[in-house]
Structures are given as C-alpha cells and as structure tokens.
Amino acid sequence: MDAQRLKDNFAQVAQHGDAVALFFYSDLFLRNPRLRDMFPVGMSHQRDRLLAALGRIVSQVDDLHNLVPFVQQLGRDHRKYGVEALHYPEVGASLVTTLRYFSGHSWTEELARDWTDAYNLVSKVMLDAAQEDASVHPSWWNAQIVAHERRRFDLAVFRVLPDRPFAFQPGQSVSLEVPARMRMWRYYSMANAPRPDNTLDFHVQLIDGGPVSPVLVRAVRVGDWIKLGPPVGTMTFNERSGRDVLLIGGSTGLAPLKAILEQIAALPNPPRVHLFFGARYLDGLYDLDDLQKRAAGAPWLTVIPAVSDHDPGAAAEHGTLPDVIGRFGMWQNHDAYVCGSSGMIDATVDRLLQLGLSQDRIRIDKYADA
C-alpha cells in the first residue's frame, strides 16, 4: 500500500463532507436491506462517527503501533451491533464504491488496490479481535441503575450495577443504550476505578438536541435497566513513567480523570497531582465538594477550580482552562490527561505544547456523544 496516496485520496473525498457517509450507507442498505435493522432510525450521528473513524485510520495507516489498538477496539465494540464475519465483505464493497464515486477522474486501479488491501487488513484485525473477545466477554452487559442524582437541571450523576463482571481501566469509556432510544449507542466515561462491588459511576450533561443525554439526565430512574458495550479508549494512566501528573477536565470531562485519580490514590507512593476542573459558571463545578474533600486528605493532590465567566464572589480561578494552566506552571516534567469538549481539548493541548510539554506525554479523550 502507498500510505501517502491513501491519505491524499481520502483528503480529496472528505471534502464532500456528510455526503460521503450518506452515499456509503445508502449503497450498503440498497445492496443489503437486511442490515438496515442493525442501525438506528436517525443516522446523522452514525455518519459522523464513520467519517471520524475513517479519518483516524487513514491518518495512522503508516503508524501501526497506534493504529492496531484502535482498530482492535473497533472490532470488539462492533460486536454489540451484531456484526459478524459475513458483514465485512459487504461493508468493504460499499466503501470502495463510495471512494470511487467521490474520487471522480482521479480514481485509478492503483488506488483501488490500495484501498482494498487496506480494508482487508483493517477488517482482519477487527475480526480477529472480535473473535478473541467473544471467547471471554459478552457482546454487551445489562446494567441496573442503583442511584441517580440531579446535580443541576441539566446534569446528573448516576451509578449502575452490571449483571456480570465488567473489567476496564480507569480513564476508559463505554457506550450506553437506553430502551427509549434503541440502537442509539452513546459513549460516556466511567467516573471511578474498578470496585469490588462492580458498580460504575457516570456523569452526564444534557446536550440540546441530543437523543440520549436527556433520557439519562431527566427520564431514567433507580431500578431501570440500560445496556453497556465493551470498554474503549486509551487515555489510561501511565503508572511506569514516575512523573508527576496533570489532570485537566472541562465539565463532565472530569469523569475519566476522577477514575484515574482513584487509581493514583491507591498507589503506595502517589505522584504529585494537579487537577484543574473548569466550567463556564460556578454551579458547573458540580463535583467540586467531593474533589476538595479528597484533596484535604491527600497532601499529594492539589485541586484548582476555574470558571470562564467572571464571578467576583467565586472561589475559583477566572479564565479558560488553557489560560489558567498557563498561569500555574510550565508542566514540562508532567504527564497530562485532558478530557472535555473538542474545542476545549484542542485549545488545552496547544497551550500545553507552548508551555513545553511534549506531545507524547499528553493523553486525551474526545468522546462527546449526546
């Protein structure tokens, strides 16, 4: 495969935006009508995820060290949709048809071979990971809501108990499905490290127009059941580095950082940790009381709250998280973990790089589902 040729061609195709995914799914369902029932009624979110996944795969096609774990996670995660080995060639045929259509006159036999070889490699890695996972894990877990608390009108913290052991690493995320929104799986991060009682905590903020977050914030009750997909994500704690730690969370982006914080707290000799927790307004710091209680009993932990809208009476730093972390240090000798909205993450990572932190010491989680 010519990696650069693939990247150049995808960049050309991606200029057509949402039309690419729309064409792909239309072709797939016309060729294979039985596959339509595997997907939600509304496909806009699914189309966005397709383009994002393709973009990441193509951008790392010559970086197998980082690409393979991501593709393996895709294979394991797709089991919850009912994806089987026989579906992979059908998807591949529609993908190549879509790429050919949007490439126009630039499509060549060489590109066709490159894309076919790349897809065959990716699908093999996904299928092998799915088959290996099927030997030890279910396709999904049923989980009962055992606690649910509204922290704000648009934000809830709740706890679930899976019906089977659920192994994960602090910092990872999981897709959730609620009965009221069938096949609309949305990703949320666990807000705790693994516990003996197998319970999981989630922090969810309502997104205007989102189909799932309003249900999780306003409609579910203790005793209700939801489904969990397998854990995904690579924003996990590097315990072997020996460096101090910088945790930066915007709003409910705090959740995976809190899980990492619990993991660190259980170490015999925790590293020094600075946790920056930001929101637009003071009431958006919905979990600050708990964080401050933890810091009071942990001399290695410093919690810095921040609000971007000025409030003279707020006991918090004023400014965006990138601005605030810039006022507190250079951070070159730290490992950084950043979670929040895409815009917040991009701005924060840029600021950390300006402050001298190398890219390989920054881990992020950009899941922002609704």
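Presented here is a report on the structure given in the accompanying data block.

About the thresholds
Residues numbered from 1 in each chain as written. Predicted model: local features only at pLDDT ≥ 70, side-chain atom pairs only at ≥ 80, totals over all residues. Heavy atoms only, no water. Helix = DSSP H or I, 4+ residues; strand = E, 2+ residues; numbered from the N terminus. Contact = heavy atoms within 4.5 Å. Polar contact = N/O pair within 3.5 Å; in protein donor to acceptor, adjacent residues only side chain to side chain. Pairing = 2+ DSSP bridges. Axes fitted to C-alpha atoms, helices over the stretch in contact; angles between N-to-C directions. Buried < 20%, exposed > 50% of the residue type's maximum accessible area, 1.4 Å probe, protein only. Parallel < 35°, antiparallel > 145°, perpendicular 65-115°, else oblique. Left-handed = near helix turned anticlockwise from the far one by under 90°. Nonpolar A, V, L, I, M, F, W, Y, C, P; charged D, E, K, R; others polar. Core = buried A, V, L, I, M, F, W, Y, C linked by side-chain atoms within 4.5 Å.

Observations regarding the environment of Ser106
Move 1: In this fold, Ser106 is placed in the loop between α5 (87-103) and α6 (109-134).
Move 2: As for Ser106 and Asp350, which are separated by 244 residues in sequence, their C-alpha atoms are 35 Å apart.
Move 3: In contact with Ser106, not counting residues within four places along its chain, are Asn9, Gln12 and Leu111.
Move 4: Here the side chain of Ser106 touches Ser103 through a polar contact of 2.6 Å, landing on its backbone oxygen.

Digging into the sheet that holds strand β3 (residues 173-177)
Move 1: Spatially, β4-β3-β6-β1-β2-β5 is the arrangement adopted by the six strands of the open sheet, whose pairing is antiparallel. Bordering the open sheet on either side are β4 (186-189) and β5 (200-205), each of which pairs with just one other strand. Put simply, the sheet's adjacent strands are angled 40° from each other on average, direction ignored.
Move 2: Where strand β1 (residues 141-152) lies against strand β2 (residues 155-162), eight bridges are found, and the strand directions are antiparallel. Each bridged residue has a counterpart across the sheet, and for Ala143 the counterpart in β2 is Pro162.

Comments concerning the environment of Ile260
Move 1: Looking at the element boundaries, Ile260 is found in helix α8 (residues 254-265).
Move 2: When its relative accessible area of 0% is taken as the criterion, Ile260 is described as buried.
Move 3: Along the backbone, Ile260 and Ser26 are 234 residues apart, and their C-alpha atoms lie at a distance of 41 Å.
Move 4: Those residues in contact with Ile260 that lie beyond four places of it in its chain are Pro170, Gly171, Met235, Phe237, Leu247 and Tyr337.

Some details on the pairing of β2
Move 1: In terms of burial, β2 is largely enclosed, as six of its eight residues are buried.
Move 2: The turn joining β1 and β2, which pair antiparallel and follow one another in sequence, is formed by two residues.
Move 3: Alignment of β2 against β5, held across six bridges, turns out to be antiparallel. Bridge pairing in β5 places Val157 opposite His203.

Some words on the packing of α8 against helix α9 (residues 288-296)
Move 1: Where α8 meets α9, the axes come as close as 13 Å, and the angle between the chain directions of the two elements is 20°. What the angle tells us is that α8 and α9 run roughly parallel. In the packing of α8 onto α9, the handedness of the crossing is left-handed. Facing Leu254, Lys258, Leu261 and Glu262 of α8, the residues of α9 in contact are Asp290, Leu291 and Arg294.

Digging into the sheet that holds strand β12 (residues 362-365)
Move 1: With respect to topology, six strands assemble into an open sheet ordered β10-β9-β8-β7-β11-β12, the strand pairing being parallel. The two strands at the open ends of the sheet, each matched to only one other strand, are β10 (317-318) and β12.
Move 2: Looking at chain direction, strand β11 (residues 334-339) and β12 are connected through four bridges and run parallel. Among the inter-strand pairings, Tyr337 is bridged to a residue of β12, identified as Arg363.
Move 3: Where α8 meets the sheet, it contacts β7 (244-250), β8 (273-279), β9 (301-307) and β11, and its direction lies at approximately 155° from that of β7.
Move 4: The sheet strands contacting helix α10 (residues 321-328) are β7, β8, β9 and β10, and the helix crosses β8 at an angle near 150°.

Quick look at the packing of helix α2 (residues 18-31) against α5
Move 1: At their nearest, the axes of α2 and α5 sit 9 Å apart, and the two run at 135° to each other. In terms of orientation, α2 and α5 fall into the oblique class. Here α2 and α5 pass one another in a crossing that is right-handed. Residues Ala19, Val20, Phe23, Phe24, Asp27, Leu28 and Arg31 of α2 touch α5, and the partners they reach there are Glu90, Val91, Ala93, Ser94, Leu95, Thr97, Thr98, Tyr101 and Phe102.
Move 2: Here the residues of the contact of α2 with α5 are counted per class, giving ten nonpolar, three polar and three charged.

Structural notes on the nonpolar core
Move 1: If you look at the biggest cluster of nonpolar residues, it comprises 36 residues, and the most contacted ones within it are Tyr25, Ile57, Val71, Trp107 and Trp115.
Move 2: Of all the elements in the fold, those that place two or more residues in this core are α1 (3-14), α2, α3 (44-59), α4 (64-77), α5 and α6.
Move 3: Ignoring sequence-local partners within four residues, the contact set of Trp115 consists of Leu6, Asn9, Phe10, Val58, Leu99 and Trp107.
Move 4: Judged by nonpolar contacts, the second largest core, of 29 residues, contains Leu254, Leu261, Leu291 and Val303.

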